[in-house]
Amino acid sequence: MSERKQRARAVFDEAAANTRDRSPATFDQWFGGVQFDDLTEGVLTLRAQNEFVMDWVKTNFLPELVAQIHELSGWSVQVSWILDPELDEPVSVRGEAQRPVKPHPLTLSSSEPPPASRRVPPPDDINPRHTFSNFVVGPSNQLAHAAAVAAAGGGGRRYNPLFLCGGTGLGKTHLVHAIAHRVYNERVGGARIRYLSAERFTNEFITALQHQRMDEFRAKYRDQCDLLLVDDIQFLAGRVQTQEEFFHTFNALHNVDRQIVVTSDKYPQQLERMEERLVSRFASGLVADIQSPELETRVAIVRNKADLEGFEIDDEVAVYLAQAVRSNVRELEGTLIRLAAKSSLTGKKVDMTFVKTELSAQLSHRTHTLSIEDIQRAVCQHFHLRTSDLTSKDRHKTVAFARHVAMYLCKQRLKCSFPELGRAFGGRDHTTVMSAVRKIVNQREDNPDVRAHLEAIERRLAAD
């Protein structure tokens, strides 16, 4: 076991022993069905025998366990679960008569890194703050986060390729950087990581062609690559030669099980002017989308960013900011940084009065902000329905279609999360909303009648 893993296990063991003190018999009963896998980059990976054990431990022991880990190490911890009926080394033995021996006091001294001459240089353009420990997990990004942790070797099923999709500023690049950090730090001597945008891949390919350096280019991205991370793959659209080269690069890495992660603002099937064989390969692994964060996640993001920037913010201000800025994570963080800078320059505290004053000018310059109710009302006027029809359980074809259209427009115009839309449309499950939105996306491409309806409603909304 590496020294890093020994230190991580020592942190967990001491935290578990402290947590066990509260109720030893109950702890042993439930943690007899839980196994420690790893603790790195702020991600604690645990295995549970079944969902019942996992849910009970989450509710009754996990908050205290995580708090103990933070107190011992200073790490901000998120938890990743794996379901596995066969556990090799459960944390406790059920029915154990004596408590386990508490580990010796923890020493967090790091080992000397390998000499620079033997260590692969770190990847270019990786933000040091974009780690798993600084990524706020919520329902809108939970799947993408878990898949990214697995892709970095953090436990769980690893999918290759991993295709992360979602709008601008929602955290795709953060997860890609976090994967790079973890893979690089896990491997003794570092890992050969290639991180770049699709635009840069294209430019390097063109330069290699012009200067007859294709062998060097291919060696860099095929033979000398342990992990390939490509941002904004949609920019390969229409570039036939570059797509051809990327296709062969993809195959070369995939055939030797080198991890490939790409990001896009669209699902693979929605990528325009992209070769079908590339689209099929993108879709052959796991496609994990990231949606706009719901209110609770936005509040957590505000608090997390404030901690990183080193200034205090109370709960009332955090909630106000999360309600005022809901477009994407990047804008929310940017707003907070601007407030912190203005506070530092003026010496004023970041309180409600200060925040409302500073945001009022910004918000007053925006056009009238549409609400879910505005869109529901416009859709009902167009289809001659009542607003209550959209939130009812009525499955009549006309009502169902209008409901799907309203969900689609809310998603496109307001960037609401699927759970938020589900609540606004009669308490429906987020998967129902997701299915409705995707259905209208597909119909808009193929059905001129659907396009006509959407355009008419868009004109109505613009006129209001």
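Asks: Where do I start with the overall build of the chain in this structure?
Replies: Across its full length, the chain holds 20 helices and eight strands. The C-alpha radius of gyration of the chain comes to 25 Å, within 12% of the 23 Å expected for a compact globule of 464 residues. Projecting the C-alpha coordinates of the chain onto the three principal axes gives extents of approximately 70 × 65 × 55 Å. When the 464 residues of the chain are sorted by exposure, 48% land in the buried category. Long-range contacts, defined as pairs at least 24 residues apart, comprise 75% of the intrachain contacts of the chain with a sequence gap of at least 6. When the accessible area of the chain is evaluated, it comes to approximately 23500 Å², of which 48% is carbon and sulfur surface.

Asks: Before we go on, may I ask you to explain the packing of aromatic side chains in this structure?
Replies: Applying the stated criterion across every chain, the model contains 15 aromatic pairs. Relative to phenylalanine 61, the ring of phenylalanine 31 lies with its centre 5.6 Å away and its plane at 80 degrees, an arrangement referred to as edge-to-face. Placement of the pair is phenylalanine 31 in helix α2 (residues 24-31) and phenylalanine 61 in the loop between α3 (51-60) and α4 (62-73), with a sequence separation of 30 residues. Each member of the pair, phenylalanine 31 as well as phenylalanine 61, carries the same accessibility label: buried. Where phenylalanine 383 meets phenylalanine 401, the ring centres are 5.7 Å apart and the plane angle is 85 degrees; that geometry is what we call edge-to-face. Pair noted here: phenylalanine 383 is in helix α15 (residues 372-383) and phenylalanine 401 is in helix α17 (residues 397-414), with a separation of 18 residues, a long-range link.

Asks: Whenever I open this one, helix α7 (residues 198-210) confuses me. Can you help?
Replies: The α-helix winds at 3.6 residues per turn, so residues separated by three or four positions along the chain end up facing the same way. Under the 1.5 Å per step criterion, the end-to-end length of α7 is 18 Å for 13 residues, consistent within 8% with the ideal 18 Å. Those residues of α7 that sit buried are Ala198, Phe201, Thr202, Glu204, Phe205 and Ala208. Take α7 and look down its axis: the buried residues cluster within an arc of 165 degrees, on one side only. Structurally, α7 contributes buried residues whose contacts are with β5 (193-197), α8 (214-223), β6 (227-231) and α9 (240-255). Glutamine 212 sits one or two residues past α7 and shows a positive phi near 55 degrees.

Asks: I'm lost on the pattern of salt bridges in this one. Help?
Replies: Where side chains of opposite charge bring their charged atoms close, a pairing between them can arise. Scanning the entire structure with this criterion turns up 22 salt bridges. Of the charged contacts, one joins arginine 200 and aspartate 125 as a salt bridge, the two residues approaching to 3.2 Å between their closest N and O atoms. Taken together, the positions of arginine 200 in helix α7 and aspartate 125 in the loop between β3 (78-83) and α5 (142-151) put the pair 75 residues apart, joining distant regions of the chain. In this structure arginine 200 comes out as partly exposed when scored by relative accessible area, which is 27%. Of the charged contacts in the structure, one is a salt bridge between arginine 277 and glutamate 275, with a shortest N-O distance of 2.7 Å. By relative accessible area, arginine 277 is classed as partly exposed at 29%. Through salt bridges with shared partners, a single ionic network connects Asp125, Arg200, Glu204 and Lys220.

Asks: Honestly, the pairing of strand β1 (residues 34-40) in this entry has me stumped. Any pointers?
Replies: If a strand is regular, its side chains alternate between the two faces of the sheet. For β1, the buried fraction is high: six of the seven residues fall into the buried class. Two elements, β1 and strand β2 (residues 43-48), share six bridges in a ladder whose sense is antiparallel. Residue pairing for β2: threonine 40 is matched across the bridge by valine 43. Count of turn residues in the β1/β2 antiparallel hairpin: two residues, of which glutamate 41 carries a positive phi of about 50 degrees.

Asks: Looking at this structure, I do not really get unusual backbone geometry. What am I missing?
Replies: What you tend to see is this: most non-glycine residues have negative phi, and most peptide bonds are trans. Of note, the amide linkage connecting asparagine 160 to proline 161 takes the cis form, showing an omega dihedral of 5 degrees. Here proline 161 lies in the loop between α5 and β4 (162-166). Phi angles above zero are rare outside glycine, and aspartate 232 is one such case at about 55 degrees. With respect to the secondary-structure elements, aspartate 232 resides in the loop between β6 and α9.

Asks: How should the layout of surface pockets be read in this particular structure?
Replies: One water molecule sets the probe size; rolling that probe over the atoms shows where empty space is left. Here the largest pocket defines a volume of roughly 1000 Å³. Along the wall of the largest pocket there are 34 residues; nearest its centre are Gln78, Val79, Val137, Gln142 and His145. Listing elements by their share of the lining of the largest pocket, those giving two or more residues are α3, α4, β3, α5 and α11 (295-309).

Asks: Looking at this structure, I do not really get the packing of α8 against α9. What am I missing?
Replies: Helix-helix packing is characterised by the crossing angle of the two axes and by the distance between the axes. At a closest axis distance of 9 Å, the pairing of α8 and α9 adopts a crossing angle of 45 degrees. As summarised for this structure, α8 and α9 are arranged oblique, according to the angle between their axes. Crossing hand, α8 versus α9: right-handed. Note on element contacts: α9 touches α8 through Glu245, His248, Thr249, Ala252 and Leu253, opposite Met214, Phe217, Arg218, Tyr221 and Arg222.

Asks: Looking at this structure, how should I read helix α6 (residues 172-186)?
Replies: Between its first and last C-alpha, α6 extends 21 Å over 15 residues, near the 21 Å set by a 1.5 Å rise per residue. Counting buried positions along α6 yields twelve of 15 residues, so the element is predominantly enclosed.

Asks: In this structure, what is going on with the sheet that holds β3? I would like to understand it.
Replies: Strand pairs in the sheet, formed through backbone hydrogen bonds, run parallel or antiparallel to each other. Strand order in this open sheet of three strands is β1-β2-β3, and the pairing throughout is mixed. Edge positions in the sheet fall to β1 and β3, since each has one partner strand and no second. Each neighbouring strand pair of the sheet contributes to a mean axis angle of 20 degrees, computed without reference to strand direction. Of the strands in this sheet, β1, β2 and β3 touch α3, which is tilted by about 160 degrees from β3.

Conventions we followed
- Residues numbered from 1 in each chain as written.
- Predicted model: local features only at pLDDT ≥ 70, side-chain atom pairs only at ≥ 80, totals over all residues.
- Heavy atoms only, no water.
- Helix = DSSP H or I, 4+ residues; strand = E, 2+ residues; numbered from the N terminus.
- Rg over C-alpha atoms; globule rule 2.2 N^0.38 Å.
- Buried < 20%, exposed > 50% of the residue type's maximum accessible area, 1.4 Å probe, protein only.
- Contact = heavy atoms within 4.5 Å.
- Areas by Shrake-Rupley, 256 points an atom, 1.4 Å probe, with all protein chains shown as cover.
- Phe/Tyr/Trp six-rings, centres within 6.5 Å; stacked < 30°, edge-to-face > 60°.
- Expected span 1.5 Å × (residues − 1).
- Arc of directions from axis to C-beta.
- Salt bridge = Lys/Arg side-chain N within 4 Å of Asp/Glu carboxyl O.
- Pairing = 2+ DSSP bridges.
- 1 Å grid on protein atoms, 1.4 Å probe; cavity = no way out; pocket = protein on both sides within 12 Å on 5 of 7 lines; lining within 4 Å.
- Points joined across faces, edges and corners; volume = space filled by probe spheres on them.
- Axes fitted to C-alpha atoms, helices over the stretch in contact; angles between N-to-C directions.
- Parallel < 35°, antiparallel > 145°, perpendicular 65-115°, else oblique.
- Left-handed = near helix turned anticlockwise from the far one by under 90°.

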